[in-house]
Structures are given as C-alpha cells and as structure tokens.
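Overview (structure and organization)
If you want the building blocks of each chain, they are given just below.
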Amino acid sequence: METAAVEATDLVKRYGATTAVAGLTFSAARGAVTALLGPNGAGKTSTVETCEGFRRADAGRVRVLGLDPGADSAALKPRVGVMLQSGGVPTGARAGEWLRLVASFHAHPVSPDVLLERLGLLSAAATPFRRLSGGQQQRLSLAAAVVGRPELVFLDEPTAGLDPQARHATWDLIAELRDSGVGVVLTTHYMEEAERLADHVVIIDHGRTVAAGAPSELTDSRQELRFRADADLDTAALGAALPSAARIERRGEGGREPGEGRGRAPRTEYAVTAEACEGVGPELVATVGTWCAANGVSPEGLRVQRRSLEDVFLELTGRDLR
Ligand SMILES: Nc1ncnc2c1ncn2[C@@H]1O[C@H](COP(=O)(O)OP(=O)(O)OP(=O)(O)O)[C@@H](O)[C@H]1O
C-alpha cells in the first residue's frame, strides 16, 4: 500500500517551558489538500516545521512520504516543496533569477516563466525580493515551493494578505497540484478557504487535534435555525417557548443588509440549535415564527442552514482571543 503523504503520531514539540505541540496526531493523504486550522499559537507552524525536518520532535513519530524528515532529509529534499511564512528568499535576489536558480536544483522542474505568469509575477521578474509587495513575495515563495514538481508541498498560510485575484490564482494552482496527485498540507486562518479547497481539515488547539474530517463531515450534521432581530430580543421568553432539546443563543451583530441605511440600528444574529440535527425542522421554524408573531418580533432572514466551518471552529476552540 502506498504510504500517506504525512503521518504524525503523538507529536510533541517544546520550546523551553512552552509545549507548542502536545501529542498531536494527524495524517495527510497524497493527491489531497489537508488544511491545518487553529487559533494563533495553537501549534500549526511548529507541527509543519517538524514535518518539514526544520525542527526535531521531542516525542512522537513523523513520517513524510514514508520517511523520517530528520534522518532522511537528503532523500526528501527533492520530493517535498516548502513555502515558509517568512518567505525564505534572500532579500537581494531578483524574482525571476531566484526561481530559475531553485528550478535548476531539480531534475524536472516546471518552467519558471510559466509559473511566474500563472502567479502574475512576470512584470516583477527583474525586481529584487525586498522591493516586491508583500503579496508578490508570497507568490514567489509559493512558486519556489512548487517549481521542482514536488510530490508533497507544505504551504504555511499561502494566501495571508493576498488580494482576491492573487488568492484565486493561488487556489487554482493548489487545486491543480492536488488533481495531478500532489499532497498539499497547508495552514490557514481563512475558514472559507479551507471549506472551499480542503479535502481534509484538521482543527488544532493547544497543540492537539480537536477534530478532523472532510469539511462536510464536520459541518453537515450541524443544522441550525438563524435569524436577525433587534439586540434586545427576549431570548429567555423565546427559549421557554422552544422544545426542551432546543436552545437559542446570540451569535453577535448581524450587520445591515446591503443597501440598508446607516440610520437603522444593526441587527443581532440569533441561532436556535437542537441536540439532534433532526430537531431543526419545520416544527421548530413554526414555533419560532409563532412566538415572533405573538410578540411583535420580525425575524429577518429566517432560515435553516448548515453550520459553517467557522461556526464549528469557534464552537471547538472558543471565542477567547489568544
Ligand atoms: N522558536 C520558538 N521559541 C519559543 N516559543 C515558540 C517558538 N515558536 C513558537 N513558539 C511558541 O509555541 C506556541 C505555538 O506556536 P506556533 O507558531 O506553532 O503556533 P501557530 O498555530 O502556527 O500560530 P499562528 O497561527 O499565530 O501562526 C506558541 O505559544 C508560540 O509562542
């Protein structure tokens, strides 16, 4: 059987007294996009850098393409592409020259010019790295990670700070890599990106895996009823009218509808959840609608929807700032 792209088991990484990774287990398949999600400081970068062989695990086991990233680093180097958060490009290197140099280290590279064009960097090819915009630097680092036709790429926040055009170009490139059989392991803070791009999501918190699965597996089983109403909605009274398995919670400011004037107070978003997903159905909609009608409340945008990955993420990792 072909080995996984990455297999990490009970991984531990410490920096002095800080335990950044505390027994983390995850796997990433070949020909698939695996997204590592987690709040700031959750241990994503430490995990990725350990898998890349830049850091030594204090305990646990990591296999990358079936090999040990520390002991087998020479064998892995030509097979694994790495995009670092910090770029990793010498500041004086010109974009095009740098990419050609990286390509020259590989036996069958992609044409550097084709990659520069794909990522909108042709006009910046003669510009030194330090003079590139932040987004151009990101894209050059991505190009350098994939130019050698790796079997596996690690991308640490590949679209952080990119404009929508560059983000879409990056997504297209990542999807193509996956479709051609490359394993992609990326970290991101953009839930929409993970939902759209990832085949497998690993949610990490406090150095451990707290949930893993396909985005749809993590969100499908969680329907809820949502609506917007005034901030002072009497949630206790509405809650009392609901079946015992259901409860209502405030989900924060719902904002204004497009075109709605600033003169009107922003609405608050509410969610009614039930212990079992089947509990969120027509009867619950009717109960909420009837209560609203009897109490002079106009529930805007009343709908039953699947929870977003962001909802699931916040539920699992909490709302406290890290
Ligand atoms: N080189 C280091 N020396 C000491 N502590 C470190 C080092 N790198 C990371 N840490 C600490 O380890 C923990 C995990 O950091 P890590 O960068 O792995 O998290 P992360 O999930 O990638 O965070 P972010 O989303 O902010 O990039 C944090 O508490 C961080 O302060």
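Residues numbered from 1 in each chain as written. Predicted model: local features only at pLDDT ≥ 70, side-chain atom pairs only at ≥ 80, totals over all residues.

**Some details on the pairing of strand S3 (residues 33–37)**
Selection rule: With C-beta atoms placed from the backbone, a residue is buried if 20 or more other C-beta atoms are within 10 Å of its own, exposed if 12 or fewer are, and partly exposed between those counts. Per the convention used, a helix needs a DSSP run of H or I reaching at least four residues, while a strand needs a run of E reaching at least two, with both numbered from the N terminus. Strand pairing is assigned whenever DSSP detects at least two bridges linking the two strands.
Burial within S3 is extensive, with 5 of its 5 residues counted as buried. Bridging between S3 and strand S7 (residues 183–187) involves 4 bridges; their strand directions are parallel. Counterpart to leucine 36 in the pairing with S7 is threonine 187. Pairing geometry for S3 and strand S8 (residues 200–205), over 4 bridges, is parallel. Within S8, the residue paired with alanine 35 across the bridge is valine 201.

**Notes on the packing of helix H3 (residues 95–104) against helix H5 (residues 134–146)**
How we decide: With axes taken as lines fitted to C-alpha atoms, and helix axes fitted only over the stretch in contact, angles between N-to-C directions fall between 0 and 180 degrees. In what follows, roughly perpendicular refers to angles from 65 to 115 degrees, roughly parallel to angles under 35, roughly antiparallel to angles over 145, and oblique to any angle outside these ranges. Handedness of a helix crossing follows the sense of rotation of the near helix relative to the far helix, less than a right angle counterclockwise being left-handed and clockwise being right-handed. For every residue pair, C-beta atoms are placed from the backbone, and the pair is scored as a contact if these atoms sit within 7 Å. Classification used: nonpolar for Ala, Val, Leu, Ile, Met, Phe, Trp, Tyr, Cys and Pro, charged for Asp, Glu, Lys and Arg, polar for all others including Gly.
At a closest axis distance of 9 Å, the pairing of H3 and H5 adopts a crossing angle of 20 degrees. In terms of their interaxial angle, H3 and H5 are classed as roughly parallel. Note that H3 runs across H5; the crossing there is right-handed. Along the contact surface, H3 presents Ala95, Trp98, Leu99 and Val102, while H5 presents Leu140, Ala143 and Ala144. Residues belonging to the contact of H3 with H5 are distributed by class as follows: 7 nonpolar, no polar and no charged.

**Considerations on the sheet that holds strand S2 (residues 18–28)**
Pairing is antiparallel in the open sheet, where 3 strands are placed in the order S2-S1-S4. Either end of the sheet is taken by a strand with one partner, and the two such strands are S2 and strand S4 (59–64). Neighbour-to-neighbour, the strand axes of the sheet open up by a mean angle of 25 degrees, direction not taken into account.

**A look at the site of the ligand**
Rules: The criterion for a residue being near a molecule or strand is simple: its C-beta atom, placed using the backbone, must lie within 6 Å of it.
Near the ligand you find Tyr15, Thr18, Ala20, Gly38, Asn40, Gly41, Ala42, Gly43, Lys44, Thr45 and Ser46, and these make up its full shell. Secondary structure elements with two or more residues in the shell around the ligand: S2 and helix H1 (44–51). If you tally residues by element for the shell around the ligand, the top one is H1, at 3 residues. Among the residues forming the shell around the ligand, the class breakdown is 3 nonpolar, 7 polar and 1 charged.

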